[in-house]
Amino acid sequence: MVKVYRSTVLDAPAERVWRDLRDFNGLANWHPSIASSRIEKGHPSDKVGCVRNFQLKDGAQVREKLLSLSDYDYTYTYSILDSPMDLSNYVATVRLLPITEGNRCFIEWSAEFDCAPEKVAELAKTVGDGVFQTGFDALKKRHGQ
Amino acid sequence: MMRVSIIRSTVIDAPIDQVWAVLRDFNSHDRWHPAVARSQMENDLDGDVVGGVRRLSLTDGTELREQLLSHSDREYTLTYCILDSSLPLFDYLATVRLKPVTDGKKTFLEWRSQFRAPDDSAPKLEELVGRQVYEAGFTGLQKFIAEQRELSRSATLDETMAVAAALPGEHLPSTAVIVETPGGPDVLSIRNVTVPAPESQQVRIRHTAIAVNYIDLKHRRGISSAFNLPGTPGMEGVGEIIDIGEQVNGLFLGDRIAYMSRIPGAYADIRCIEADACTPLPDGVSDIEAAMMLKGVTAALLLSRVFRAAPGGTILIEAVAGGVGHLLSQWAKAMDLTVIGTVSTDAKAKFSRDRGCDYPIVVADNIHLAAEVMRITNGRGVDHWVHSSGAHWLDTAITCLARCGHCAVIGGRDGQSIPIDVNVLKQRSLTVSAPVCFDYLDDRSYLHRLAHQFFAKIQARIIIPAVETFPLSQVSEAHNRIESRQTMGAVVLTSGR
């Protein structure tokens, strides 16, 4: 089991950032690697169990399933159904915590997955830096940092 | 009653392990929280014992008792509740949680609680807990950690310099006591020297305490073949390991150790020593006390190995107020032996009586020692005799031994030859031995066992070492004091800070 964890501080109130994050279909609006996204079967993006199907800018196709969503805890969990990455049992969680001092927020993005031992370092970097940290950097820019 | 829920959070500008190192100690608040004047754990528990209770005195005079309910080094979180408080806070349950901010190596810190409070005081308490406890705590912690980092940065610099200085082959400057030509105490001179890096199976140590032994005086006088001139005397010491050679097991940088070695050279700030000779020190034994390891191990060897002393026996210790003597008398007394000792003055007699010696005999005058010993033992004689005053009085010792008695000749301060008539020994199955400590200790685990028996006796205060200390720079004076027979207990040189 490989675990990847990244976190950052955004200089914006938690409620505002959560509006971006809770939309399971909204990744294409702010994550620079993603070209387009849609929810399969026309489900709403906050229906637990819905599947988002998006295209990366490099052309690859990814399908991910929403496993949980909590507006109360500012958190959601999803798994990968199909992706070009050579991994399995991928489950990721996004969590937002308010920082009362300065009205900012803390975001953590973590994932667990299985893969071949020789792929661990490469995939952990792809997920941690390529997906999570790249996303953070985009969110920081989007929220005026 | 109102239910109040408070959450405050911040980002601390330090890696999570550094922040957790402070917060994980439930008893740390008086070091960083501006509102906490004093914090103390009940029953002297450590600050990470779940169930432990701390008493807090706040700067405004409020007293609180709080109990640690959960603690997780894995989750970086702890939970606690208030047991007693002069404030109307009820069912107060709080959680402190840390999370790493990987983007910038900082730490997210959240402090939350829930409690009940009377309706009219709830807003005031909410303000008090949220602002004066949590937010003020954040500010205090931020400042405390910044100061700590500043401190550790300078310490790291020192360390870097020390490590740099300790690269293989690197010499370190030190001062050492050198004897060039044999003679009196004034031939001991302080020199600046350099100490090479430790060789294989050696460690380099920075001394804090170095004990003086009688053999050092013999080395200085040039009456021992085991000491080459010019040379540095000293058989034992205590210090901190500052670097470690190849093939050393079980010793670490910064360890506080005591050692005793056949190879002289302890009269110095820094030296290299065989790792095998070193024993890490337990708490409860000071550096100065531990510096007497050779004397303590000698006492242990005499009682347990040389004499195989048993409770109810009688021992006579010459120079019972001396370095070995005063340790031996306390140890022998603790083993239920009757202890007789010789001393040179009334002051030393009193000193020895306070240290386990039942019958100190002042032998400065023309006293008939043998008659006195036989009187004390009702004509039976003594089982064990520790002889340390050269040829002088060995006859007396042999006269005073009980049947199957054993006289151990240690020290031998003048190097004179001592004739012994074996036929005399035969008359009562007597033994005369000349034990040299190091010959018994080729098995290093035996040395460490004896040393720890000695340290345990000190920890339990069964043996209370008496020490006169001199700075290393006053080594001549220390030798003078011993030679003029003015000292009581051991003489220890102190070195470094």
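By convention here, each chain's residues receive numbers from 1 onward along its written sequence. Lettering of chains starts at A and numbering of ligands starts at 1, both following the order in which they are written. The model is predicted, so local features are restricted to residues of pLDDT at least 70 and side-chain atom pairs to those at 80 or more, both for listing and for counting; the totals for chains, interfaces and linings are taken over all residues. Note: side-chain values were computed over all heavy atoms of the structure, leaving out hydrogens and water.

Student: Kindly report on the layout of surface pockets, identifying the contributing residues and their values.
Tutor: Taken as a whole, the second largest pocket holds about 550 Å³ of empty space. Using protein atoms alone on a 1 Å grid, points that fit a 1.4 Å probe yet trap it form a cavity, whereas open point sets bounded by protein on both sides within 12 Å along at least five of seven lines form a pocket; residues with an atom within 4 Å of a point count as lining. If you trace the second largest pocket, you find 17 residues lining it, with Lys3(A), Tyr5(A), Ser110(A), Glu75(B) and Lys99(B) closest to the centre. Looking at the lining of the second largest pocket, the elements with two or more residues in it are strand 1 (2–10), strand 6 (88–99) and strand 7 (104–114) of chain A together with strand 6 (90–101) of chain B. Gly is placed with the polar residues, together with every amino acid not listed as nonpolar (Ala, Val, Leu, Ile, Met, Phe, Trp, Tyr, Cys and Pro) or charged (Asp, Glu, Lys and Arg). Of the residues in the lining of the second largest pocket, the class split is eight nonpolar, two polar and seven charged. Grid points are joined across faces, edges and corners, and a volume is the space filled by probe spheres set on the points. Runs of E in the DSSP output that reach at least two residues are strands. Runs of H or I that reach at least four are helices, and both are numbered from the N terminus.

Student: Can you break down the pattern of salt bridges residue by residue, with the values?
Tutor: Side chains carrying opposite charge are able to pair once their charged atoms draw close together. Residues and elements named next belong to chain B. Within this document, salt bridges are pairs made up of a side-chain nitrogen of Lys or Arg and a carboxyl oxygen of Asp or Glu, the two lying within 4 Å of each other. Using the criterion set out here, one finds 41 salt bridges over all chains in the structure. Of the charged contacts, one joins Arg 8 and Glu 135 as a salt bridge, the two residues approaching to 2.7 Å between their closest N and O atoms. Residue Arg 8 is found in strand 1 (residues 2–12), and its partner Glu 135 is found in helix 3 (residues 122–165); the two are separated by 127 residues along the sequence. Three exposure classes are used, based on accessible area relative to the maximum for each residue type with a 1.4 Å probe and protein chains only: buried under 20%, partly exposed in between, and exposed over 50%. Arg 8 sits in the partly exposed class, given a relative accessible area of 21%. The partner of Glu 42 in a salt bridge is Arg 65, with the nearest N and O atoms 2.6 Å apart. With Glu 42 in the loop between strand 2 (36–41) and strand 3 (53–58) and Arg 65 in strand 4 (residues 63–72), this residue pair connects regions lying 23 residues apart in the sequence. Under the relative-accessibility criterion, Glu 42 is labelled buried at 16%. The network of salt bridges with common partners includes Arg 8, Glu 127, Arg 131 and Glu 135.

Student: Help me get a handle on the packing of helix 4 (residues 214–221) of chain B against helix 13 (residues 475–483) of chain B, residues and values and all.
Tutor: Residues and elements named next belong to chain B. The convention used is that axes are lines fitted to C-alpha atoms, helices contributing only their stretch in contact, and that angles between N-to-C directions extend from 0 to 180 degrees. Running from amino to carboxyl end, helix 4 crosses helix 13 at an angle of 110 degrees, the nearest separation of the two axes being 11 Å. The pairing of helix 4 with helix 13 is recorded here as roughly perpendicular in orientation. Every residue of helix 13 that contacts helix 4 at Tyr 214, Asp 216, Leu 217, Arg 220 and Arg 221 is listed here: His 479, Ile 482 and Glu 483. In the contact of helix 4 with helix 13, the residues fall into three nonpolar, one polar and four charged. Working rule for angles: under 35 degrees goes down as roughly parallel, over 145 as roughly antiparallel, 65 to 115 as roughly perpendicular, anything else as oblique. Every residue pair with non-hydrogen atoms within 4.5 Å of one another is taken to be in contact.

Student: Account for the environment of Pro435(B), with residues named and values stated.
Tutor: Residue and element names in this part refer to chain B. Residue position: Pro 435 is located in the loop between strand 20 (431–433) and helix 12 (444–459). C-alpha separation for the pair Pro 435 and Thr 298, spaced 137 residues apart in sequence, amounts to 9.3 Å. Excluding residues within four positions of it along the chain, Pro 435 makes contact with Leu 302, Val 306, Ala 408, Val 409, Ile 410 and Tyr 440.

Student: Talk me through the side chain of Thr342(B); I want residue IDs and the actual numbers.
Tutor: Residue and element names in this part refer to chain B. Relative to the helices and strands, Thr 342 resides in strand 16 (residues 338–343). Throughout this description, a polar contact denotes any pair of N or O atoms lying within 3.5 Å of each other; where both atoms belong to protein, one of them has to be capable of donating a hydrogen while the other can accept it, and for residues adjacent in sequence the pair is counted only when both atoms sit in side chains. For Thr 342, the side chain forms a polar contact with the main-chain nitrogen of Ala 319, separated by 3.1 Å. Sequence-distant contacts of Thr 342, that is, excluding residues within four places in its chain, are made with Leu 316, Ile 317, Glu 318, Ala 319, Val 320, Ile 361, Val 363 and Leu 369.

Student: For the packing of helix 6 (residues 293–306) of chain B against helix 7 (residues 323–334) of chain B, give the residues involved together with the corresponding values.
Tutor: Residues and elements named next belong to chain B. Look at helix 6 against helix 7: their axes get within 9 Å of each other, and the N-to-C directions meet at 50 degrees. Classified by the angle between their axes, helix 6 and helix 7 sit oblique to one another. Like other packed secondary-structure pairs, helix 6 and helix 7 cross with a definite hand, here right-handed. Residues Lys 295, Gly 296, Thr 298, Ala 299, Ala 300, Leu 302 and Leu 303 of helix 6 form the contact with helix 7, whose participating residues are Gly 323, Val 324, Leu 327, Leu 328, Trp 331 and Ala 332. Looking at side-chain class alone, the contact of helix 6 with helix 7 contains nine nonpolar, three polar and one charged residues. The handedness criterion is simple: a crossing whose near helix is rotated anticlockwise from the far helix by less than a right angle is left-handed, and one whose near helix is rotated clockwise is right-handed.

Keep in mind that these numbers describe shape and distance, not what the molecule does.
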